[in-house]
Amino acid sequence: MISDSQASEKLHKNEGIKDRSAYLRGTILEGLADTATGSISSEDQQLTKFHGLYQQDDRDVRNDRRKHKLDKAYSFLARIGVPGGVATPEQWLAVDGLANYCAFNTLKLTTRQAFQLHGILKSNLKNVIQTVTDVSMSTLAACGDVNRNTMSSPNPVSSEIHEDVQKIADEIDAYLKPQSPAYSQIWLDGKQLATAEPRSIGMGGDEVEPLYGKTYLPRKFKIAIAVPPQNDVDVFAHCLGFIAIVEDGKLAGFNVTVGGGMGMTHGNEKTFPRLADVIAFAKPDQVVDVAEKIVAIQRDFGDRSERAHARFKYTVEDRGADFILKELEKRLGYSLEPAKEYAFTGNGDHYGWTERADGKWNLGLFIEGGRIVDQGDKTMKTGMRLIAQSGQCGFRLTPNQNVVLSDIAEKDKDAIDALVTEHGLDDYRTASGMRRSQIACVSLPTCGLALAESERYLPSLVTALEGTLEQAGLQNDEIIIRSTGCPNGCARPYLGEIGLVGKVPGKYNLYLGAGFGGERLNKLYRTSLTNNEIIEALQPILFAYAKEREAGERFGDFTVRKGYVQATTAGNSFHANLSESA
Ligand code: SRM
Ligand code: SF4
């Protein structure tokens, strides 16, 4: 159902592309067959996103190639969805093997608990997808205007709760996958996806997508499940969220949150990050129903004319959370209970060994930038491969770009520890608190939207700040620092106690004041700073924090209490009361 006022508005051109695509086929097959170029048509570039693929080019060599009148160095990024970040050793080994044939020979763990492989040539795409689907994973719907990889806490307090929550994450993820056979026809020679739960939709002459319809959603849609006290998934940053409520040691259900999102555009105050509203409580067997109906509400009420205003957060902002709850209950045909009490203590990961209720162990590893690579003495990629080959653990990719080795028997701990140490995977033991609390988005050289470096920059900034941290006695304090190469927010930088957002090459906006549990956005403190200016701006605040903080006070709270920035109380106040304008 598209509202009348929307129908009369001019639709964004992507709506036409989806409409004409015959359920995500477009001319992708023809584009793949064209060996004269490494690229595909611009319309197909929009459609392959739904198949988990982005066309990119190596921006490090772009200018040089232009000078020599060469085409851009085209390749593709494949994103492999991993609901809840839970991967088996077999799956890890498959992705590791593929990485050997991709650019950089690295595995990238993303902020949504997925794998990314960069630099895949067009001619290799089919092979990559088939290898991935052979181990029951897929790239389908990892991108595009549909529900993306469903996130779930990889750091649960109890193994039993985690299993129950993970089952629900898997169910939501499978239920919201597009049903078009385009994916299997284009990439799998018609073979059915092992991960798919096909809902009969008469895909013959009269095809329909049962939930999404011909034009899918107005924009991407994101779901996350948090298990308090950890908010490791940053539940308030997602379109739809579920906060697990545990009563008497059992999963009682979930608080439902709606309308979170991070992306914005520099200089356009109509765009802003927004934290989700908590609207109700749903029982475990109501959750998939709730997810389906919320997605349908966004399908019907989301803005299809302006993509910068098309995320669900703006639907919630414009119509109000009460409207969404009423519409949800109308579509469900029953009322939901009011939300229950919960408390978050932080949005980071657990590092090191944790014993679980079932007697097994987890080992949380810190992976800087989520980049698994062999470099000099640090043979992380090899180490992870050997760990996977040992079959002694499972893998949980975390929303902070780290990995938890899971389900380890007591007797195997020493062997895992030895591999972790030998291959330089033990940074979690020695890295400063700030380094362990960092997230940087990919940015250059692959991201086509990057305005400044991020993954290749943040570690050096942290190194530069470590002297100050040590002098101030803060070397072990977890101070959340996040950077992105543009304002799209892929590292959820507006939830960093320190946030850096690229403006132009070498210059960043500096944000301060987010809550440690992901419950408050930060605010712009200074604009367009160089590396040295960032260090100069932060040093005195870090020293003041060391001297003047109250017992247990977090850095973000301190910067608000001391008036460096005013607290952001709602997304639409994100741009208000700035010390300088962006
Ligand atoms: Fe993102 C676009 C990378 C998580 C908001 N994001 C992109 C693209 C695909 C650039 C593009 O469109 O051409 C980037 C590819 C870079 C590359 O070379 O790898 C990219 N996003 C990433 C990843 C890999 C960052 C990372 O270092 O981990 C994350 C992959 C997640 C995944 O596995 O699915 C990633 N992106 C996020 C998040 C965080 C999250 O989801 O929790 C956000 C903010 C939350 C949100 O959506 O509001 C995010 N990405 C965006 C946006 C802004 C959307 C908006 O509302 O305006 C874009 C641009 C767009 O969609 O037009 C974007
Ligand atoms: Fe690219 Fe911007 Fe996302 Fe970073 S935040 S990966 S620069 S789109």
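Refer to the preceding data block for the structure.
Description of the coordination of the iron atom of ligand 1
Here is step 1: Among protein atoms, the single one acting as a donor to the iron atom of ligand 1 is Cys 490 (SG), 2.3 Å away.
Here is step 2: Mapped onto the elements of the fold, Cys 490 is located in the loop between β19 (481-484) and β20 (498-504).

Looking at the nonpolar core
Here is step 1: Counting 104 residues, the largest nonpolar core has Trp 92, Phe 115, Phe 242 and Leu 405 as its most contacted members.
Here is step 2: Counting 31 residues, the second-largest nonpolar core is a separate cluster that includes Ile 479, Ile 481, Ile 498 and Leu 529.

What about the sheet that holds strand β3 (residues 86-87)?
Here is step 1: The 5 strands are arranged β3-β16-β17-β12-β11 in an open sheet whose pairing can be described as antiparallel. In this open sheet, the two strands that pair with only one neighbour each are β3 and β11 (352-355).
Here is step 2: Where β11 lies against strand β12 (residues 361-365), 4 bridges are found, and the strand directions are antiparallel. Pairing of Gly 352 across the sheet is with Gly 364, part of β12.
Here is step 3: Contacts from helix α14 (residues 413-422) reach β11, β12 and β17 (403-408) within the one sheet, and its direction differs from that of β12 by about 10°.

A look at the packing of aromatic side chains
In this description, an aromatic ring pair is defined by two values, namely the gap between the centres and the angle between the planes.
Here is step 1: Taken as a whole and judged by the stated rule, the model has 20 aromatic pairs.
Here is step 2: With a centroid separation of 4.8 Å and 20° between ring planes, the pair formed by Trp 92 and Phe 395 is classed as stacked. A residue pair is termed long-range when its members are at least 10 positions apart, and Trp 92 in helix α6 (residues 89-99) and Phe 395 in strand β16 (residues 394-397) qualify at 303 residues. Grouping residues by exposure puts Trp 92 and Phe 395 together as buried.
Here is step 3: Ring pairs connect the aromatic residues Tyr 525, Tyr 545, Phe 555, Phe 558 and Tyr 564, which therefore count as one cluster.
Here is step 4: Its guanidinium or amino end placed over the ring of Phe 281, Lys 340 lies 4.6 Å from that ring's centre, counting from NZ or CZ.

A word on the site of ligand 1
Here is step 1: Surrounding ligand 1, one finds 30 residues, the nearest of these being Thr 110, Met 262, Thr 446, Cys 490 and Arg 492.
Here is step 2: His 118 places a side-chain nitrogen or oxygen 2.7 Å from an oxygen atom of ligand 1.
Here is step 3: Sorting the residues of the shell around ligand 1 by element identifies β1 (53-57), β2 (74-80) and β5 (115-120) as the ones contributing at least two each.
Here is step 4: The residue makeup of the shell around ligand 1, split by class, is 10 nonpolar, 12 polar and 8 charged.

Overview of the pairing of strand β21 (residues 507-512)
Here is step 1: Of all the 6 residues making up β21, 5 are buried; the element is thus mostly covered by neighbouring parts of the structure.
Here is step 2: In terms of strand pairing, β20 meets β21 through 6 bridges, oriented antiparallel. Pairing of Val 501 across the sheet is with Asn 509, part of β21.
Here is step 3: Inspection of the sheet shows β21 paired to strand β22 (residues 523-529) by 4 bridges, in the antiparallel sense.

What to know about unusual backbone geometry
Here is step 1: For the bond from Pro 228 to Pro 229, the omega torsion is 10°, close enough to zero to count as cis.
Here is step 2: Mapped onto the elements of the fold, Pro 229 is located in the loop between β7 (223-226) and β8 (240-247).
Here is step 3: At the junction of Leu 444 and Pro 445, the peptide bond is cis and its omega measures out at 10° in the coordinates.
Here is step 4: By the secondary structure assignment, Pro 445 is in the loop between β18 (438-440) and α17 (458-471).
Here is step 5: In the Ramachandran plot, Gln 401 falls in the positive-phi region, its phi being about 70° despite a non-glycine side chain.
Here is step 6: Its place among the elements puts Gln 401 in the loop between β16 and β17.
Here is step 7: Of note in this structure, Ser 443 is not a glycine but carries a positive phi near 55°.

Definitions and cut-offs
Residues numbered from 1 in each chain as written. Chains lettered and ligands numbered in written order. Predicted model: local features only at pLDDT ≥ 70, side-chain atom pairs only at ≥ 80, totals over all residues. Heavy atoms only, no water. Donors = N, O, S within 2.8 Å, 3.2 Å for Na, K, Ca; no water. Helix = DSSP H or I, 4+ residues; strand = E, 2+ residues; numbered from the N terminus. Core = buried A, V, L, I, M, F, W, Y, C linked by side-chain atoms within 4.5 Å. Buried < 20%, exposed > 50% of the residue type's maximum accessible area, 1.4 Å probe, protein only. Pairing = 2+ DSSP bridges. Contact = heavy atoms within 4.5 Å. Axes fitted to C-alpha atoms, helices over the stretch in contact; angles between N-to-C directions. Phe/Tyr/Trp six-rings, centres within 6.5 Å; stacked < 30°, edge-to-face > 60°. Lys NZ or Arg CZ within 6 Å of the ring centre and 35° of its normal. Near = heavy atom within 4 Å. Polar contact = N/O pair within 3.5 Å; in protein donor to acceptor, adjacent residues only side chain to side chain. Nonpolar A, V, L, I, M, F, W, Y, C, P; charged D, E, K, R; others polar.

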